[in-house]
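Here's the letter readout for the chains.
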Amino acid sequence: MIQGLDQWAAQNDMEPEPEPTQSQIGRIIVKKQAEFILQNEPPMMYRAQVQGRCNLQFAGDSSNLKKWQEEWTLPQRDRKPSHQYEYQPLNSDHPNNLIHSIKIEFPYRVLSNSGQDSILRPVLSVHGIPFVPGSSVKGIFRRLGKFKPNDSSDKKTIETYCGIEEKPGILRFHGAYPIGDWTNCMVDIVHPQQSRQVRNNNPTSAFTLISFYQPQFSFEFSSAETNINWQDVDRILHEALAFGLGGKTSTGYGFLSIPNYANPQYSEQYNQALHVSFKGIGVCSSLLNRQPEFRPNMFKAALRGHIMRLLGGVCNSESAVEQHVNRLLGSTDQEGVIKLFWNSEELDDTTTLSKIYTRNGSLHITAEPRASRGDIDFLGKVLQFAYIMGGFGKSWRRVWHQKFMPEYQEFPIGCHWELNSDWINFKKTIEVNSKDSLEAFLKDLHTICLNRLGSRPPAPISNWREAWNPNRVTVYTSSKLVTKSQAIKLFHQKLFKTTPAIGGRERPGEPRFVSSVWHRMLPIGDNQYLEIVTVFHGDRSPWRNQFQPFTTELKKKGLELTWGTQPS
Amino acid sequence: MSWQPYSLDRIAQKLVIKYRDREVLNESHKMRMTVAYGLERFWGEHLRLRKEAEGQYWKDVWAALVNQILQPANILLPNDPVNIEEPPRQETKEQKAAREARNTEQIKNMANKLWEFADEHPDDQRIALAVLTQLCDCLVWWTQRYKPKN
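What counts, and where the lines are drawn
Residues numbered from 1 in each chain as written. Chains lettered and ligands numbered in written order. Predicted model: local features only at pLDDT ≥ 70, side-chain atom pairs only at ≥ 80, totals over all residues. Heavy atoms only, no water. Helix = DSSP H or I, 4+ residues; strand = E, 2+ residues; numbered from the N terminus. Buried < 20%, exposed > 50% of the residue type's maximum accessible area, 1.4 Å probe, protein only. Contact = heavy atoms within 4.5 Å. Lys, Arg positive; Asp, Glu negative; His and termini not counted. Charge placed at Lys NZ, Arg CZ, Asp CG, Glu CD. Pairing = 2+ DSSP bridges. Axes fitted to C-alpha atoms, helices over the stretch in contact; angles between N-to-C directions. pLDDT = per-residue confidence, 0-100. Phe/Tyr/Trp six-rings, centres within 6.5 Å; stacked < 30°, edge-to-face > 60°. Disulfide = S-S within 2.5 Å. Polar contact = N/O pair within 3.5 Å; in protein donor to acceptor, adjacent residues only side chain to side chain. UniProt positions renumbered as here; feature names shortened; annotations may be inferred. Domains from an automatic or database assignment. Buried area = accessible area lost by both parts, 1.4 Å probe. Salt bridge = Lys/Arg side-chain N within 4 Å of Asp/Glu carboxyl O.

A. Spatial organisation of the overall build of chain A. Of regular secondary structure, chain A possesses 15 helices and 19 strands. Projected onto its principal axes, the C-alpha positions of chain A cover 105 × 65 × 45 Å. Out of the 568 residues belonging to chain A, those deemed buried represent 50%. Summarising the internal contacts of chain A: among those between residues at least 6 apart in sequence, 71% fall at separations of at least 24. Separation of charge centres in chain A, based on 65 positive and 56 negative side chains, amounts to 10 Å.

Written out as structure tokens, the structure reads:
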């Protein structure tokens, strides 16, 4: 505003300067607060993004992140952000009533990356309000159009909305804005572990990212045409969102409802997919603020890790294995041909402060048309392998101590997964309910892996700690079904728990190694279990001469060699 | 006083040609974006990406700005070398803390110099940022033309 402009306008018989709009007032507030911050020290985003100066990306020290988030959202006393987007329903008295808004709630997280900065974060609009750009919303409309048959009316409608080369579209896509307190649980975390768990023992870093937590979005559209069928826009938007919004959809982010292949109503797609219902209990992942969160991305992580192990045991080319896994499950360069979706059915007695999850849910796996039937069958086998040999999520290498060693009370260890249903659509399923059937299953899987990517002659990647090769890994199982774990106490014996290859640490309280031993109590029914202990011994150095004593003890407990070779 | 060509366009072209086969040219766009956050943020990126070819590209662009463009114009932007010590295979907690403190000290010193420069020579800082913006625009322009197609 220019000083004296009002008087000048009055003298010259002109309109005085209009009152500042809400938006202009907002900008002045932001500017003043920004000036306040600047008076003290440079804002976090203006600093060098390196350790010691400002480390937004690394989760180890979250103080920088906290400060940055405050600079960004300018929280009020109730910790809510200073600026929120206002939902404008159609036909209200609001001057923007030509905008058609559709309110949509997402049940899980939504990730929309701006592609800028050292941290994954959404695009920001005025006053720092994050949003999903209109171009992205238009993108999901177009994506839906690709899946529609050429002669369908929906395809033509989408083309009318989005435009074709000869004719511009009639719909304007204004983007999607979170409404309400959009800062709730925004700080998300990714902790890539594959390298540490499969290849070597090198330490890994956890990274932070910003994603919307169970957001409510206002999707906004407008048009110069007066005869738009807004209900149709609404319907198409919902249908388009069934494929997921934003990034990381293959790990469960961005879904509004269950995708079609996981919904029996869409029988054609459902019948081509694999389905299984699980019940699991275990140690819950936690966010940076220590709040526990059950994270469906652990299923994909388990599958990816196991495919690496299985193929790394038969093919000695790291790049060939990586290429194969990336084609199946995707990488930063390409979308994977396999899609999976975890649908939680209920949350039992998990409280917000509990470090334990108890979940029922179904996992659905499907493949894009460019994948082969063999790909999806292979993924099914790997999923069975993951279920039979260990479990999913944090601490998956150990049995659930509260169930199998209730006298142990120090802190929660392990997980326990049971089947709630049959393996639907899984081809050639070998039912594993005994030592012999497990042996048959593992032999079959190894043959499948050899046929899929085996080197000639077959050889493992020798420097991977968990390459699944019979010369480097041995599986022991209880000769008969048991009701209690025979081996669990071995892991708590002083000698073994300080052996890096078994207990994972040399001194109590210092986690340093990923254990080379998996322990599983596979439920067979009637409170009976097949006890399975998997031992990796390709690299003997972390065993500190305890390999023979440990396997001898296993045999004393009644566990017998089931797969692999008896190591000397 | 004679005409002085600062040759931003040619310098940018040389940089883009130098890095065109190293799969790092996408950084040009990030540089153009980062310049909005000021000199410290731009300078710091070569340290964050120091283990990769991207870091070398950032470092070269910064060096070109300081030495080839601003120095002849008598705008003397601070440019201390920072040698980040990477962790050895094994170190105690005390050694780790000391190493990190040494690294932080170097980074903070240089960052402070950049902000002091802005306080003491606000016009020069603005010129530096404007020139850097233009240089990044040139980098983006050449990137769009020279980036190898897959």
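B. A look at the sheet that holds strand β1 (residues 100-105) of chain A. All names here are of chain A. The three strands are arranged β1-β11-β7 in an open sheet whose pairing can be described as antiparallel. Each having just a single partner strand, β1 and β7 (171-178) make up the two edges of the open sheet. Strand-to-strand twist across the sheet, computed as the mean angle between neighbouring axes with direction ignored, equals 20°. Summarising the sheet, β7 and strand β11 (residues 216-223) pair through seven bridges and their orientation is antiparallel. Within β11, the residue paired with phenylalanine 173 across the bridge is phenylalanine 221. On the sheet, helix α4 (residues 134-147) packs against β7 and β11 and is oriented at approximately 115° with respect to β7. Taken strand by strand, helix α7 (residues 230-241) contacts β1, β7 and β11, and its axis lies near 35° from that of β1.

C. Region of interest: the confidence of the model for chain B. Across chain B, the average pLDDT comes to 93, with 99% of residues at 70 or higher. The secondary-structure element of chain B with the lowest mean pLDDT is helix α5 (residues 93-120) of chain B, recorded at 93, while helix α4 (residues 53-70) of chain B shows the highest, at 97.

D. Up close: the side chain of A:Thr366. Residues and elements named next belong to chain A. Looking at where threonine 366 falls in the secondary structure, it is placed in strand β14 (residues 356-367). The exposure class of threonine 366 is buried, given its relative accessible area of 11%. What threonine 366 contacts, discounting residues up to four positions off in sequence, is Tyr261, Ala273, Val337, Ile338, Lys339 and Ile376.

E. Structural view of the packing of aromatic side chains. All names here are of chain A. Taken as a whole and assessed by the stated rule, the structure comprises 48 aromatic pairs over all chains. Both rings, one in phenylalanine 141 and one in phenylalanine 173, keep their centres 5.1 Å apart while their planes meet at 75°; by these two values the pair is edge-to-face. Of this pair, phenylalanine 141 sits in helix α4 while phenylalanine 173 is found in strand β7, placing the two residues 32 residues apart along the sequence. Assessed through its relative accessible area of 0%, phenylalanine 141 is described here as buried.

F. Highlighting the state of the cysteines. Inspection of the entire model under this criterion finds zero disulfides over all chains. Just so you know, A:Cys185 is unpaired, no disulfide at all, and the nearest cysteine sulfur is the one on A:Cys284, 12 Å from it.

G. Here's a closer look at the environment of A:Asp78. All names here are of chain A. Along the chain, the position of aspartate 78 falls in the loop between α3 (63-73) and β1. Expressed as a C-alpha distance, the spacing of aspartate 78 and histidine 446, which sit 368 residues apart in the sequence, is 57 Å. A distance of 3.0 Å separates the side chain of aspartate 78 from the backbone nitrogen of lysine 80, its partner in a polar contact.

H. Molecular detail of the UniProt feature "domain: CRISPR type III-associated protein" (unreviewed entry) in chain A. As recorded in UniProt, the sites labelled "domain: CRISPR type III-associated protein" (unreviewed entry) are residues 124-257 of chain A. What you have in residues 124-257 of chain A is 31% helix and 25% strand, and the ends, taken at the C-alpha atoms, are 26 Å apart.

I. Structural view of the domain arrangement of chain A. Residue and element names in this part refer to chain A. Split by domain assignment, chain A resolves into domain 1 (54-257) and domain 2 (269-564). Taken over C-alpha atoms, the centre of domain 1 sits 34 Å from the centre of domain 2. The interface is formed by 23 residues belonging to domain 1 together with 27 residues belonging to domain 2. Between domain 1 and domain 2, a total of about 2200 Å² is buried, with carbon and sulfur atoms accounting for 52% of that surface. Contact with domain 2 buries surface across domain 1, with Gln197, Val198 and Arg199 losing the most and accounting together for 30% of the total. If you look at where domain 1 meets domain 2, you find four salt bridges. The shortest N-O distance in the salt bridge between arginine 109 and glutamate 293 comes to 3.0 Å. Our count for the domain 1 to domain 2 interface comes out at eleven residue pairs in polar contact (both at pLDDT 80 or more). Contributing elements (two or more residues each) for the side of domain 1 that touches domain 2: β8 (187-190) and α6 (194-199). Looking at the side of domain 1 that touches domain 2 element by element, the count peaks at five residues for α6.

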